[in-house]
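Chain residues, written in single-letter form:
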Amino acid sequence: MLFDRVEEKHVTRAIVEEFSRMLAEHAESDVIIVGGGPAGLSAGKELAQRGVKVLIVERNNYLGGGFWIGGYLMNKITVRAPAHRVLDELGIPYTEHSPGLFVTDGPHACSKLIASACDAGVRILNMTKVEDVVIRGERVAGVVINWTPVSAMPREITCVDPVSLQAKVVIDATGHDAEVVSALVRRGLMEVRGYSAMWVERSEDAVVEHTGEAYPGLIVAGMAVSTVYGLPRMGPTFGAMLLSGKRAAEAALRLLEGREE
Ligand code: 48H
């Protein structure tokens, strides 16, 4: 026989035991990143490379968010200078389509970004939806999670309580819906303006500049920043998502080190 002798029970035990160990270890993390799109992955990679214990919680069964496919279902990704330097860091090939505008393939770019986060040591919970926050005093101190399929079932046949994960810092990288922030908005603790109309040249600088702590213990990154502060959208160009992730990581490091934002 080509393969070692392994039975079904061994496969099942391997999965259950390894998953349970990982989840138990991450009942508390230094940083929980909600959303595994370009902003969340970029933040996770930067933090894990610096030895921070990071968990990405992603509601889908795949990572990458909108980074797999560019605009209009065409899998070309664009970034504007200087964000092509991030593509260099990740070893992603690209071409300069016009001065300052770079094009790469979505699947290649996205899979390299995911691999870089995994290589750095980020742990990932897929098919897990963040539905609420943990609050300690005036500070976000974790997230409330449930299996994604639970929220897809009719309310009358689901009575599955969620569980919680604690973290010193939470990053909302959930994209357009800013779902972690929304949990604070529902309680009257924050206000959100909603992202504004498309204006590429204004949007990307603004997203990176506004990336940071939006509520004690909660940092916003990526498209969620536009939603929170009413910034213009940028369409299918991703440089600001990558640089916002890096900036969110820097903000998280400052909070972990006890330095105020
Ligand atoms: C767990 C969740 C939850 C939840 C959502 O949409 P994303 O790719 O977000 P960003 O900010 O990294 O990148 C935005 C970019 O993809 C984009 O759409 C751009 C640039 N648009 C411009 C424009 O003009 O429209 O990824 C967010 C991720 C996804 O994977 C979601 O599944 C996940 O977050 N997510 N995960 N719990 N409650 N909500």
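On a predicted model such as this, the values are computed, not experimentally measured, just so you know. (Residues numbered from 1 in each chain as written. Predicted model: local features only at pLDDT ≥ 70, side-chain atom pairs only at ≥ 80, totals over all residues. Heavy atoms only, no water.)

Trainee: Any chance you could break down the sheet that holds strand 3 (residues 76-80) for me, citing the residues and the numbers?
Mentor: Strand order in the open sheet formed by three strands is 3-5-4, with antiparallel pairing between adjacent strands. Pairing within the sheet leaves two strands with one partner each, and these edge strands are strand 3 and strand 4 (95-98). Between one strand axis and the next, the sheet turns through 40 degrees on average, direction left out of account. Pairing of strand 4 with strand 5 (residues 101-105) involves three bridges; the strand directions are antiparallel. Paired with Ser 98 across the bridge in strand 5 is Leu 101. Where helix 4 (residues 106-120) meets the sheet, its contacts fall on strand 3 and strand 5, and the angle it forms with strand 5 comes to roughly 85 degrees. (Pairing = 2+ DSSP bridges. Helix = DSSP H or I, 4+ residues; strand = E, 2+ residues; numbered from the N terminus. Axes fitted to C-alpha atoms, helices over the stretch in contact; angles between N-to-C directions. Contact = heavy atoms within 4.5 Å.)

Trainee: Account for the side chain of Lys 246, naming residues and giving values.
Mentor: Along the polypeptide, Lys 246 turns up in helix 9 (residues 239-256). Separated by 2.9 Å, the side chains of Lys 246 and Glu 46 make a polar contact. Sequence-distant contacts of Lys 246, that is, excluding residues within four places in its chain, are made with Ser 42, Glu 46, Val 86 and Glu 89. (Polar contact = N/O pair within 3.5 Å; in protein donor to acceptor, adjacent residues only side chain to side chain.)

Trainee: Give a description of the site of the ligand that names residues and reports values.
Mentor: Around the ligand lies a shell of 28 residues, among which Glu 58, His 176, Glu 179, Arg 233 and Gly 235 are the nearest. One nitrogen or oxygen atom from the main chain of Val 130 is found 3.0 Å from a nitrogen atom belonging to the ligand. Protein contacts shield 93% of the accessible area of the ligand, which totals 800 Å² for the unbound molecule. When residues of the shell around the ligand are traced back to their parent elements, those giving at least two are helix 2 (38-49) and strand 7 (128-136). The dominant element in the shell around the ligand, judged by the number of residues it contributes, is strand 7, at three residues. Grouping the amino acids of the shell around the ligand by side-chain chemistry returns ten nonpolar, 13 polar and five charged. (Near = heavy atom within 4 Å. Areas by Shrake-Rupley, 256 points an atom, 1.4 Å probe, with all protein chains shown as cover. Nonpolar A, V, L, I, M, F, W, Y, C, P; charged D, E, K, R; others polar.)

Trainee: Account for helix 9, naming residues and giving values.
Mentor: Spanning 18 residues, helix 9 covers 26 Å between terminal C-alpha atoms, matching the ideal 26 Å at 1.5 Å per step. Across the 18 residues of helix 9, 13 count as buried, placing the element largely inside the fold. After helix 9 finishes, the residue Gly 258 shows a positive phi value of roughly 80 degrees. (Expected span 1.5 Å × (residues − 1). Buried < 20%, exposed > 50% of the residue type's maximum accessible area, 1.4 Å probe, protein only.)

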